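Structure at a glance
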Amino acid sequence: MTTAKPLRVGMVGYAFMGAAHSHAWRTAPRFFDLPLQPQLTAVAGRNADGVRAAAEKLGWESVETDWRRLIERDDIDLIDICTPGNTHAEIAIAALEAGKHVLCEKPLANSVEEAERMTLAAETAAKHGVLSMCGFSYRRTPALALAKRFVDQGRLGEIRHIRAQYLQDWLSDANAPMTWRLDKSKSGSGSLGDIGAHSIDAAQWVTGQNISGVSALLETFVRERPLAGDLVGLGGHGDVGSDAPRGAVTVDDAAIFSAKFDGGASPGAIGVFEATRYALGRKNAMRLEVNGTKGSLAFDFEDMNVLSFYDAAESPDAGFRKIFVTEPEHPYVGNWWPTGHGLGYEHGFTHQVVDLVTAIGEGRQPEPSFADALQVQRVLAAVESSAANSSQWQKV
Ligand code: SOE
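Residues numbered from 1 in each chain as written. Predicted model: local features only at pLDDT ≥ 70, side-chain atom pairs only at ≥ 80, totals over all residues. Heavy atoms only, no water.

Thoughts on the overall build of the chain
- A count of helices and strands for the chain gives ten helices and 17 strands.
- For 396 residues, the compact-globule estimate of 2.2 N^0.38 gives 21 Å, and the chain sits close to it at 21 Å.
- Residues counted as buried form 55% of the 396 residues belonging to the chain.
- Total accessible area on the chain stands at roughly 16600 Å², and carbon and sulfur atoms take up 51% of it. (Helix = DSSP H or I, 4+ residues; strand = E, 2+ residues; numbered from the N terminus. Rg over C-alpha atoms; globule rule 2.2 N^0.38 Å. Buried < 20%, exposed > 50% of the residue type's maximum accessible area, 1.4 Å probe, protein only. Areas by Shrake-Rupley, 256 points an atom, 1.4 Å probe, with all protein chains shown as cover.)

Notes on unusual backbone geometry
- Omega for the peptide link from Lys106 to Pro107 comes to -15 degrees, which places this bond in the cis form.
- Relative to the helices and strands, Pro107 resides in the loop between strand S5 (101-105) and helix H5 (112-126).
- That bond from Glu367 to Pro368 is cis: its omega, 0 degrees, falls within 30 degrees of zero.
- Its identity is not glycine, yet Ser391 carries a phi of approximately 60 degrees, on the positive side.
- By the element assignment, Ser391 lies in the loop between helix H10 (370-388) and strand S17 (394-395).
- The class of Ser391 is partly exposed, set by a relative accessible area of 26%.

Considerations on the pattern of salt bridges
- In the structure shown here, the tally under the stated rule is 24 salt bridges.
- Taking the shortest distance from any N to any O, the salt bridge between Asp49 and Arg52 comes out at 3.2 Å. Of the two residues, Asp49 and Arg52 are both situated in helix H2 (residues 48-58); the distance of three residues between them amounts to about one turn of the helix.
- It is possible to trace a salt-bridge network through shared partners that takes in Glu64, Arg69, Glu72, Arg73 and Asp75. (Salt bridge = Lys/Arg side-chain N within 4 Å of Asp/Glu carboxyl O.)

Here we look at the environment of Cys104
- Mapped onto the secondary structure, Cys104 falls in strand S5.
- C-alpha separation for the pair Cys104 and Phe221, spaced 117 residues apart in sequence, amounts to 30 Å.
- Each residue touching Cys104, except ones within four places of it in the same chain, is listed here: Ile81, His88, Met118, Met133, Cys134, Gly135 and Phe370. (Contact = heavy atoms within 4.5 Å.)

Overview of the site of the ligand
- Gln168, Arg181, Asp194, His198 and Tyr345 are the nearest of the twelve residues found near the ligand.
- Here Lys106 contributes a side-chain N or O atom positioned 3.1 Å from an oxygen atom of the ligand.
- The side chain of Tyr345 places a nitrogen or oxygen atom 2.8 Å from an oxygen atom of the ligand.
- Taking 300 Å² as the accessible area of the ligand by itself, protein coverage stands at 97%.
- Tallying contributions element by element places helix H8 (residues 191-207) first for the shell around the ligand, with three residues.
- Among the residues forming the shell around the ligand, the class breakdown is six nonpolar, three polar and three charged. (Near = heavy atom within 4 Å. Polar contact = N/O pair within 3.5 Å; in protein donor to acceptor, adjacent residues only side chain to side chain. Nonpolar A, V, L, I, M, F, W, Y, C, P; charged D, E, K, R; others polar.)

Comments concerning the packing of aromatic side chains
- Counted according to the given criterion, the structure contains 15 aromatic pairs.
- With centroids separated by 4.7 Å and ring planes inclined at 0 degrees, the aromatic side chains of Phe257 and Phe273 adopt a geometry described as stacked. Remark: Phe273 occurs in strand S12 (residues 270-276) and Phe257 occurs in strand S11 (residues 254-261); sequence separation between them is 16 residues. Assigned by exposure class, Phe257 and Phe273 land together as buried.
- Following the ring pairs from residue to residue traces out a cluster consisting of Phe16, Tyr138, Tyr166, Phe301, Tyr345 and Phe349.
- Cation over ring: Arg155 sits above Phe150, and NZ or CZ is 4.1 Å from the ring centre. (Phe/Tyr/Trp six-rings, centres within 6.5 Å; stacked < 30°, edge-to-face > 60°. Lys NZ or Arg CZ within 6 Å of the ring centre and 35° of its normal.)

Details of the sheet that holds strand S2 (residues 36-44)
- What the six strands build is an open sheet, ordered S3-S2-S1-S4-S5-S6; its pairing is parallel. Whereas interior strands pair on both sides, the edge strands pair on one side only; in this sheet they are strand S3 (62-64) and strand S6 (132-135). Strand-to-strand twist across the sheet, computed as the mean angle between neighbouring axes with direction ignored, equals 25 degrees.
- In terms of strand pairing, S5 meets S6 through four bridges, oriented parallel. Paired with Glu105 across the bridge in S6 is Gly135. (Pairing = 2+ DSSP bridges. Axes fitted to C-alpha atoms, helices over the stretch in contact; angles between N-to-C directions.)

Overview of the packing of helix H4 (residues 88-97) against H5
- Where H4 meets H5, the axes come as close as 9 Å, and the angle between the chain directions of the two elements is 15 degrees. Comparing the axis directions of H4 and H5 gives the class roughly parallel. Relative to H5, the crossing made by H4 is left-handed. Contacts between H4 and H5 involve His88, Ala89, Ala92, Ile93 and Leu96 on the former and, on the latter, Glu114, Arg117, Met118, Ala121, Ala122 and Ala125. (Parallel < 35°, antiparallel > 145°, perpendicular 65-115°, else oblique. Left-handed = near helix turned anticlockwise from the far one by under 90°.)

Quick word on the domain arrangement of the chain
- Domain assignment breaks the chain into domain 1 (5-135) and domain 2 (139-342).
- Relative to domain 2, the C-alpha centre of domain 1 lies at a distance of 25 Å.
- In total, domain 1 and domain 2 occlude about 1100 Å² of area from one another, counting both sides; carbon and sulfur atoms represent 64% of this.
- On the domain 1 side of the contact with domain 2, Phe31, Phe32 and Lys106 bury the most area, a combined 46% of that side's loss.
- The tally of links from domain 1 across to domain 2 stands at one salt bridge.
- Taking the shortest distance from any N to any O, the salt bridge between Lys106 and Asp194 comes out at 3.1 Å.
- There are five residue pairs in polar contact (both at pLDDT 80 or more) connecting domain 1 and domain 2. (Domains from an automatic or database assignment. Buried area = accessible area lost by both parts, 1.4 Å probe.)

Okay, here's the thing in structure tokens:
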């Protein structure tokens with residue numbers, strides 16, 4: 001039984017991300033030694049029956065039907081925001097100003113203006129030991145964390161190219177019904193902010209270089225979709241029939257853009273990005289390839305326990321090496337299973353909780369900070385601005 005001080009969590013929202021975060025809060029202290037003991041104290045949702053059922057299923061001790069109650073409660077230390085992006089700024093700023101730590105799902109906000117206000121509130125709160133993180137969970141996939149370790153060790157040399165794709169296909173069916181993710185007033189953007197944001201954060205984090213300019217194209221292939229009662233969750237393919245009333249899709253279905261990186265001393269790298277929900281057959285192919293002067297690496301989330309690495313120092317016929325990222329010395333892996341057993345999507349969220357709780361326990365800034373997430377927001381805005389202006393080059 002741990003003697004660690006409790007960290008009492010209040011979570012807002014209980015859909016896909018709420019389920020992933022709940023699993024992480026429950027699991028992290030069982031596999032990692034943490035300086036604080038997370039407690040699933042309360043979950044908030046507007047629908048009383050829905051939130052009670054979610055609390056029962058996901059293991060939360062109490063429920064609220066208004067997130068503001070979580071902010072008011074003195075038995076809550078941290079607010080975990082698992083709601084659509086249009087609610088992030090109001091909830092995060094209120095929580096930080098009330099002295100509660102914050103974990104906020106990605107993207108940080110639906111606009112740069114909101115992200116700037118959130119970052120200011122986070123930096124003000126940090127002066128009083130109130131800390132915050134944005135949930136770019138792919139940083140905690142062991143293979144991507146190993147990729148960053150290789151770049152930081154200089155094993156790729158100077159970075160020349162970044163190639164990032166995030167390919168899903170859950171909207172390929174023109175009759176797949178509406179969801180909040182297709183409503184700009186809720187999601188802020190479509191594939192660009194939902195999955196492109198992950199690629200932007202991962203590319204900047206792994207390489208240590210920020211994107212400084214972009215040229216972009218956005219496309220919406222299906223401009224109206226059947227309304228299926230309330231906006232359904234991710235890919236809700238309920239049989240709504242082609243005669244159901246249809247609503248306007250107000251976000252991008254796909255985004256492609258080229259990018260220049262700031263590269264520090266040497267000339268920055270250049271990158272090519274793609275995010276789509278129409279790559280038929282690709283289910284969650286979050287891919288990153290980095291080419292340097294000494295080596296290259298490649299990652300595909302659909303084979304998430306593997307990092308491919310090409311070392312120019314080896315004979316050319318050595319080709320790309322397939323590293324099975326399951327050795328105890330690999331990031332996070334040692335706390336789980338013996339070598340070769342592999343991890344899954346949910347482990348990234350558990351590792352996110354481990355790093356957040358450890359940083360809070362040690363009183364230091366968790367990463368990615370809101371400022372890191374603001375940089376991603378600036379890239380998202382530059383992509384939208386470029387696409388709206390004949391793909392003109394847009395500085396970030
Ligand atoms: C939907 O595209 C989604 O659930 C994203 O919102 C998540 O951030 C990603 O991890 C999986 O796909």
